[in-house]
Amino acid sequence: EQSLDRLQQVVKQLESGELSLEDSLKSFEEGVRLSRECQSQLSDAEKKVEILMGQPQAGTVPTQPFPQS
């Protein structure tokens, strides 16, 4: 949540138009990093939900244990 909150702050700063070009670039870079971090956390959470729901992840082949002899 902290990353998302910070990302929203960065977006507001960039949209305000009050930053210098250099500060805008730095904020943009931070925003990209935060966006990737949030996306990664969301992806991890989705995988956990899929596991908890018992559904195989998209693009994966479900596995089965070998039969015992």
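A few points on the structure. As the structure is a computational prediction, the values presented were derived from the model and not from experiment.

Within the secondary structure, S27 sits in helix α2 (residues 21-53). Of the residues examined, S27 reaches a relative accessible area of 8% and is grouped as buried. Once residues lying within four places of it in the same chain are set aside, the contact partners of S27 are V10, Q13, L14 and L19.

A few words now on the side chain of S3. For S3, the location among the structural elements is in helix α1 (residues 2-16). Using a relative accessible area of 12% as the deciding quantity, one classes S3 as buried. Among residues more than four places away in sequence, those in contact with S3 are L34, E37, C38 and Q41.

Moving on, we get to the environment of Q41. Counting through the fold element by element, Q41 comes out in helix α2. Here Q41 falls in the partly exposed class, since its relative accessible area comes to 42%. With 38 residues separating them in the primary sequence, Q41 and S3 have C-alpha atoms 9.9 Å apart.

Calculation notes
- Each chain has its residues counted from 1, running along the sequence as written.
- Only residues with pLDDT of at least 70 get local features here, since the model is predicted, and only at 80 or more are side-chain atom pairs given and counted; chain-wide, interface and lining totals rely on the full set of residues.
- Based on all heavy atoms of the structure, the side-chain values leave hydrogens and waters out of the count.
- Here a strand is any run of E in DSSP of at least two residues, a helix any run of H or I of at least four, and the numbering for each starts at the N terminus.
- Burial classification: accessible surface area is computed with a 1.4 Å probe over protein chains only, and a residue below 20% of its type maximum counts as buried, one above 50% as exposed, and the rest as partly exposed.
- Between two residues, a contact is recorded if the distance between any of their heavy atoms is within 4.5 Å.

All we've got here are geometric facts, nothing functional implied.
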